[in-house]
Amino acid sequence: MIDPVSWAWQGTDLSIRGGAPTSAQCGEPGSFGQVMQDALASWRVSQHANHRMEERGISLTSADWRAMEQAAKQAESKGARDTYMVMGDVGFVVHLPSRTLVTALKHEEHPIVTQIDSVVFVSRPDR
């Protein structure tokens, strides 16, 4: 089961897979803000990943989500489907077609990752 996760982007609450805010909240339809909002709204976090992030103290900012979306697009263009996204000392197993975070890991605790076809290094712009 996959539960939606809420986070804020530019002061607007957004529920992942819960729908994008109205154009009045983000500007005109087709604007950069609306396009980014729609792209980021497609991300899902599995219940398992949500639990792992909470217990391991892992959080993502809106800049992290944008960087992950960019990395996901690049990985998909190379044929990746199930990737391990490395962001600093943490990583996320991501199913790219559904934009679902499957689990979250800290490298020093979990040095082996299985059931992936690619690894993507994602820069964390704010860290």
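As a starting point, this report considers the structure included with it. (Residues numbered from 1 in each chain as written. Predicted model: local features only at pLDDT ≥ 70, side-chain atom pairs only at ≥ 80, totals over all residues. Heavy atoms only, no water.)

## A short note on the pairing of strand β5 (residues 82-87)
Looking down a regular strand, the side chains alternate between one sheet face and the other. Cut-off, in case you're wondering: Exposure is judged per residue with a 1.4 Å probe applied to protein chains only, and the accessible area is read against the type maximum: over 50% gives exposed, under 20% gives buried, and values in between give partly exposed. By definition, any uninterrupted DSSP run of H or I lasting at least four residues is a helix, any uninterrupted run of E lasting at least two residues is a strand, and each is numbered from the N terminus. A strand pair is defined by DSSP finding two or more bridges across the two strands.
The buried fraction of β5 amounts to 5 of the 6 residues, a majority that puts the element mostly inside the structure. With 6 bridges connecting them, β5 and strand β6 (residues 90-95) associate as antiparallel partners. In the sheet register, Met-85 faces β6, and the bridge partner there is Phe-92. Where β5 hands over to β6, the hairpin turn is made up of 2 residues, of which Gly-88 adopts a positive phi near 65 degrees. As judged from the 4 bridges shared by β5 and strand β8 (residues 118-121), these two strands associate in the parallel manner.

## Some points on the side chain of Ser-118
Applied cut-off: In protein, a polar contact means a hydrogen-donor-capable atom and an acceptor-capable atom, both N or O and within 3.5 Å, with residues adjacent in sequence counting only if both atoms are side-chain atoms; elsewhere, any N or O pair within 3.5 Å suffices. In what follows, a contact means two residues having at least one pair of non-hydrogen atoms within 4.5 Å.
The topology assignment puts Ser-118 in strand β8. At a separation of 2.9 Å, a polar atom in the side chain of Ser-118 contacts the side chain of Thr-83. A distance of 3.0 Å separates a polar atom in the side chain of Ser-118 from a polar atom in the side chain of Asp-117. Other than its neighbours up to four places away in sequence, Ser-118 contacts Ala-80, Asp-82, Thr-83 and Tyr-84.

## Quick look at helix α4 (residues 62-77)
Basically, it comes down to this: For a helix, the expected span equals 1.5 Å multiplied by the residue count minus one.
With 16 residues, α4 should reach 22 Å at 1.5 Å per residue; the first-to-last C-alpha distance of 23 Å fits that figure. Buried within α4 we find Ala-63, Asp-64, Trp-65, Ala-67, Met-68, Glu-69, Ala-71, Ala-72 and Ala-75. In the segment just after α4, Gly-79 is the residue with positive phi, at about 95 degrees.

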